Amino acid sequence: MSYKKIDSHIISEFLSFLDEKQVIASENEKLAYAQDKTEDFVYMPELVLVPGNTEDISKILKICNKHIIPVTVRSTGTGLSGGALPVKGGIVISMEKFNKILNIDTDNFQITTEPFVINYILQQAVKEKGLFYPPDPANYKDCSIGGNISENSGGPKAVKYGTTKDYVLSLEVVLANGDIIHTGRNLIKDVAGYNLTQLFVGSEGTLGIITKATLKLLPVVKENVLMLMSFTSVEDAGKAVNTILNTGIIPSSLEFMERNALIISKEHINAEFPPVSEKTQAHLIVELDGNDYEKLLEERELLKKAVENADNPEFILFANSEEEKEQIWTLRRNTGTAVGDKDVYKEQDISIPRANIPKAVNYINNWCQKYGYTAACYGHAGDGNIHANILRSGVSDDIWNNKLKLHLKELFDYICNALNGSVTGEHGIGFVQREYLPVMIDQTTLNIMKSIKNLLDPNNIINPGKIFLD
Ligand SMILES: Cc1cc2nc3c(=O)[nH]c(=O)nc-3n(C[C@H](O)[C@H](O)[C@H](O)COP(=O)(O)OP(=O)(O)OC[C@H]3O[C@@H](n4cnc5c(N)ncnc54)[C@H](O)[C@@H]3O)c2cc1C
């Protein structure tokens, strides 16, 4: 597909309905839209547009579809798979003006929102009304609901409450030809026709631009307790995940940090707490929530005893104050940033059946040793979703730039085919994981996915160069 370059005639078409401040052409200003949080990639868009309403987006897409100009939609740009990078040039549509919560329906436990609203701000807004929006990516203070829907983001609470897909009731979406469609209804039960809402959830900005969403809410949960379990082997930590879940108590979070991740994150924020001894190989962070505090204390004791009896923990400690809880969570939420500041790295976001966590982590560490990399593994143990950050650790340019891809194929072959896992649990395929998709999805199934894309966007203008190889 060859795309048209943007010229002054096309810019004047945009200026017929956008004001000058909504059309950004200067190199300096465009730089802020040329990167996301994926490695050190920089792809300059030819033009950035900042539409103010759904009609504007519809008009932009009609023009781009007519001239065959690539369009990449961007929210807060915190994605880790390069989804918001304009890899084919063209236009970046910044959603920054879509930042309003439109309605909180306290009778039906729903919120209707524009997509640029930050996850944390939405959580706080519904909490004030006695309601709860559970999906909480580790960087929930920085990422938007539109990005979360497009990536089907998860977070520490997914083990008990599910991921973004479990909360999206309906969407307003602008298609590549400028048509505005409405998927789903704001109902708990609705099986009328195909579920187009879920087609757009997790579609990584490749099928249409989301301009409005209605999300399901839950009643607020008032209490929580937090405990930290330390282990001298990853196997014991992995076994403890099953011990915990087999008690029948589902934690509201069940997170994992392997030794390297703990040390890198602790050093980064100069943290003394929680302790990591010479022998520590992994921590589990276990949060329980509910409205009956006494019951939570009983459950906490029960989990402690179960793990002490079965899994040989190094120590188990209870967070005794809000400050200690915050310290434990800060260490966990900071890990991705800490690894990025430590060394050049490739983020991997593998998902496996959770009983396979020890096998996966051991394989990753051996694989790293074989090729000279280092791994920092951490993530959502309760979901079997482990972020394996592969640090460059001084390997040559040839290995890092040319051989790593082959090495990763070997890794994903094991993860996907020997352990029945996936290349990505929540960060998406985007730009950087495209060549690994065929490791886990057969050609016939891939062709069906491509046909859906082709049906909705026959000129391949919306976020081209993502999910599929060219
Ligand atoms: C430190 C750190 C921790 C993280 N922790 C987690 C975690 O725990 N769980 C998790 O799931 N992710 C996590 N992420 C990844 C990331 O934050 C999520 O993918 C997030 O959902 C992206 O939101 P965003 O608003 O920044 O989207 P962007 O990066 O701007 O865009 C992401 C994708 O969504 C598309 N998109 C954005 N807005 C729209 C729209 N309105 N319509 C259609 N498509 C759109 C873009 O084209 C792109 O493909 C983390 C990232 C960082 C940096």
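Per chain, residue numbering runs from 1 following the sequence as it is written. Two thresholds apply to this predicted model, a pLDDT of at least 70 for residue-level local features and 80 or more for giving and counting side-chain atom pairs, whereas whole-chain, interface and lining totals are computed over all residues. Each side-chain value is derived from all of the structure's non-hydrogen atoms; neither hydrogens nor water enter the calculation.

The protein chain carries the name FAD linked oxidase domain protein in an unreviewed UniProt entry, which gives Sebaldella termitidis as its organism.

Caption draft 1: Up close: the environment of L47. Its place among the elements puts L47 in strand 2 (residues 47-49). The spatial distance from the C-alpha of L47 to the C-alpha of V71 is 9.7 Å, given a sequence separation of 24 residues. In what follows, a contact means two residues having at least one pair of non-hydrogen atoms within 4.5 Å. Setting aside its immediate chain neighbours within four residues, L47 contacts I6, I11, F14, V23, I24, A25, K30, G90, I91 and V92. Helix numbers and strand numbers start at the N terminus; a helix is a DSSP run of H or I with at least 4 residues, a strand a run of E with at least 2.

Caption draft 2: Fine view of empty space enclosed by the protein. Definitions used throughout: a 1 Å grid over protein atoms alone; a cavity as a set of points that fits a 1.4 Å probe which cannot get out; a pocket as an open set with protein on both sides within 12 Å along at least five of seven lines; a lining residue as one with an atom within 4 Å of a point. Grid points are joined across faces, edges and corners, and a volume is the space filled by probe spheres set on the points. In this structure the tally under the stated criterion is 2 cavities of 30 Å³ or more. Approximately 50 Å³ is the volume attributed to the largest cavity. Along its surface, the largest cavity is lined by L80, S81, E347, D349, T424, H427, G428, V432 and Q433. For the lining of the largest cavity, a count of residues per class yields 2 nonpolar, 5 polar and 2 charged. For the second largest cavity, the calculated volume is near 30 Å³. Lining the second largest cavity, in full, are K37, T38, E39, L80, Y345 and E347. Gly counts as polar in this scheme, as do all residues outside two lists: the nonpolar Ala, Val, Leu, Ile, Met, Phe, Trp, Tyr, Cys and Pro, and the charged Asp, Glu, Lys and Arg. Tallied by class, the residues present in the lining of the second largest cavity amount to 2 nonpolar, 1 polar and 3 charged.

Caption draft 3: Spotlight on the layout of surface pockets. By volume, the second largest pocket is sized at about 670 Å³. Lining the second largest pocket are 30 residues, and of these G202, S203, E204, M449 and I467 sit closest to its centre. Elements supplying a minimum of two residues to the lining of the second largest pocket: helix 5 (145-151), helix 7 (196-200), helix 15 (437-440) and helix 16 (443-456). It is helix 16 that provides the largest number of residues to the lining of the second largest pocket, a total of 5 residues.

Caption draft 4: The arrangement of the pattern of salt bridges in detail. A carboxyl oxygen of Asp or Glu within 4 Å of a side-chain nitrogen of Lys or Arg is what we treat as a salt bridge. Inspection of every chain in the model, using the stated rule, returns 24 salt bridges. In this structure, the salt-bridge partner of K295 is E299, at a minimum N-O distance of 3.7 Å. Within this pair, K295 and its partner E299 are both found in helix 10 (residues 293-311), separated by 4 residues, close to a single helical turn. In this structure, the salt-bridge partner of D470 is R434, at a minimum N-O distance of 3.8 Å. With a gap of 36 residues between them, D470 in the segment after helix 16 and R434 in the loop between helix 14 (397-418) and helix 15 connect regions that are remote in the sequence. Its relative accessible area of 73% is what places D470 among the exposed residues. Residue exposure (1.4 Å probe, protein chains only): buried if accessible area is under 20% of the type maximum, exposed if over 50%, otherwise partly exposed. Relative accessible area serves as the criterion here: at 13%, R434 is assigned to the buried category. It is possible to trace a salt-bridge network through shared partners that takes in D136, K157, E287 and R333.

Caption draft 5: Layout of the site of the ligand. For this purpose, a residue is taken to be near a molecule or strand whenever a single non-hydrogen atom of the residue falls within 4 Å of it. If you check the shell around the ligand, you find 35 residues, and the closest are V73, T76, T78, S144 and S153. As used in this structure description, the phrase polar contact means that two N or O atoms lie within 3.5 Å; if the pair is within protein, one of them must be able to donate a hydrogen and the other to accept it, and residues adjacent in sequence are counted only when both atoms belong to side chains. In this structure, an oxygen atom belonging to the ligand sits 2.7 Å away from a side-chain N or O atom of T76. Taking G83, its main chain carries an N or O atom lying 3.2 Å from an oxygen atom of the ligand. Notes on the ligand: free accessible area 990 Å², of which the protein chains cover 96%. Calculation of accessible area relied on Shrake-Rupley with a 1.4 Å probe; when residues are assessed, cover is drawn exclusively from the protein chains displayed.

Caption draft 6: Summary view of the domain arrangement of the protein chain. Once the domains are mapped, the protein chain shows domain 1 (8-97), domain 2 (101-219), domain 3 (223-335) and domain 4 (341-443). Here the C-alpha centre of domain 4 lies 28 Å away from the C-alpha centre of domain 2. Counting residues at the interface gives 8 residues for domain 2 and 8 residues for domain 4. Buried area: the accessible area, evaluated with a 1.4 Å probe, that two parts lose upon being put together, summed over both parts. Note on domain 2 versus domain 4: buried area summed over both sides is about 530 Å², and carbon and sulfur give 42% of it. Of all residues in domain 2, E151, V159 and E204 give up the largest surface area on contact with domain 4, accounting jointly for 58% of the area buried on that side. Where each domain starts and ends follows an automatic or database-derived domain assignment.

Caption draft 7: Highlighting the pairing of strand 17 (residues 374-380). Across the 7 residues of strand 17, 6 count as buried, placing the element largely inside the fold. We call two strands paired when DSSP finds no fewer than two bridges between them. Relative to strand 17, strand 13 (residues 253-258) runs antiparallel, the two sharing 2 bridges. Pairing of M257 across the sheet is with Y378, part of strand 17. Where strand 17 lies against strand 18 (residues 385-391), 7 bridges are found, and the strand directions are antiparallel. What sits directly across from G379, in strand 18, is I386. Where strand 17 hands over to strand 18, the hairpin turn is made up of 4 residues, of which G384 adopts a positive phi near 70°.

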